[in-house]
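# Survey of secondary and tertiary structure
Chain residues, written in single-letter form:
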Amino acid sequence: MKKPVMHANVPGSSRRAVLAALLALPAGVGGRSASAQSDSWAALRRPGSFALIRHALAPGTNDPSGFRLDDCATQRNLSAEGRAQAVRIGELFRANGIAAADVHSSQWCRCLETATLMKLGETRQQPLLNSFFQDRTRETQQIEALRQWIGQLDLARPTVFVTHQVVVTALSQIFPASGEIVVMQRATDGRLSVQGRPPTA
């Protein structure tokens, strides 16, 4: 951000008044950030929008060899910090006027636990939100099927998808942090566009 130019022919009292006014303004980045956050939540409350959420903090990368979806003990799971983060995400939704939502989740335990701890409503398992990190050959077909499903979904109510980094990135071109929210809008022609990224920290 450029510094304002203070011309030499401006009287001292006027210079002080301008400086005081500038100091009273919010910081440039902070001001834009607050506005962007507000716009993101407003977008999510509109019909046709949904939130993509990467599951809360689950330390490590990938899953152990031989993991099973029906056995959380074989998977990489949320840490205590991740569980607390999931609770905070739910509180953030409620603080921004969304007390209930249609919640869809990957079948991975770390996603289901994130969704459950958010307490926004009953969680429905959706295999199209599952990770393909360990099998990239599934990506193209799965994401196309996911796009078609989203295209037919009733988005009249606030809607939340709890999923994985690879899925969020494939739909939005954004690499999300753990627990990050990406708000998206479905246009009448089915195209998806990013509306914002309200922080969860």
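Our structure is the block above this text.
Below: a short report on this structure. These numbers come from a predicted model, not from an experiment.

### Overview of helix α4 (residues 109-118)
- Counting buried positions along α4 yields 7 of 10 residues, so the element is predominantly enclosed.
- For α4, the complete set of buried residues consists of C109, R110, C111, L112, T114, A115 and M118.
- Here the buried face of α4 lies against β1 (49-54), α3 (80-95), β2 (102-105), β3 (123-125) and β4 (159-163).
- Among the residues trailing α4, K119 stands out with phi positive, at a value near 55°.

### Structural notes on the pairing of β2
- Residue alternation in β2 divides its side chains into two sets, D102 and H104 and V103 and S105, and both sets are buried.
- Bridge count between β2 and β4: 4 bridges; the pairing is parallel. The residue bridging V103 from the neighbouring strand is V160, located in β4.
- As defined by bridge partners, β2 adjoins β3 across 3 bridges and the pair is classed as parallel. Of the residues in β3, the one forming a bridge with S105 is Q125.
- Where the polypeptide runs from β2 across α4 and back to β3, its parallel neighbour, the crossover connection is right-handed.

### Details of the state of the cysteines
- In the structure shown here, the tally under the stated rule is 1 disulfide.
- Left unpaired, C111 is separated from the closest cysteine sulfur, that of C109, by 9.4 Å.
- The exposure class assigned to C111 is buried, which follows from its relative accessible area of 0%.

### Remarks on the environment of R83
- Counting through the fold element by element, R83 comes out in helix α3.
- R83 gets classed as partly exposed once you look at its relative accessible area, which sits at 35%.
- A sequence separation of 26 residues divides R83 from L57, and the C-alpha atoms of the two residues are 7.6 Å apart.
- Leave out the neighbours within four places in its chain, and R83 touches L78, E113 and L117.

### Comments concerning the packing of aromatic side chains
- If you walk through the whole model with that rule in mind, you get 4 aromatic pairs.
- Their ring planes at 85° and their centres at 5.0 Å tell us that W41 and F93 sit as a pair that is edge-to-face. Here W41, found in helix α2 (residues 28-45), pairs with F93, found in helix α3; they are 52 residues apart in sequence, far enough to count as distant. Each member of the pair, W41 together with F93, is buried.
- On the numbers, 5.5 Å between centres and 40° between planes, the contact of F67 with W108 is tilted. One end of the pair, F67, is in the loop between β1 and α3; the other, W108, is in the loop between β2 and α4, and 41 residues separate them in sequence.
- We classify F67 as partly exposed; its relative accessible area is 23%.
- Members of the aromatic cluster, each reached through a chain of ring pairs, are F50, W149 and F161.

### Side note on the nonpolar core
- Ranked by size, the top nonpolar core spans 20 residues in total, and within it F50, L52, L146, I150, F161 and L171 carry the most contacts.
- When residues of this core are traced back to their parent elements, those giving at least two are β1, α5 (139-152), α6 (165-172) and β5 (181-186).
- Of the residues forming this core, the biggest block, 5 residues, is contributed by α6.
- In contact with L146, not counting residues within four places along its chain, are L128, L129, V167 and L171.

Procedures and definitions
Residues numbered from 1 in each chain as written. Predicted model: local features only at pLDDT ≥ 70, side-chain atom pairs only at ≥ 80, totals over all residues. Heavy atoms only, no water. Buried < 20%, exposed > 50% of the residue type's maximum accessible area, 1.4 Å probe, protein only. Helix = DSSP H or I, 4+ residues; strand = E, 2+ residues; numbered from the N terminus. Contact = heavy atoms within 4.5 Å. Pairing = 2+ DSSP bridges. Right-handed = clockwise from strand over helix to strand, strands pointing away. Disulfide = S-S within 2.5 Å. Phe/Tyr/Trp six-rings, centres within 6.5 Å; stacked < 30°, edge-to-face > 60°. Core = buried A, V, L, I, M, F, W, Y, C linked by side-chain atoms within 4.5 Å.

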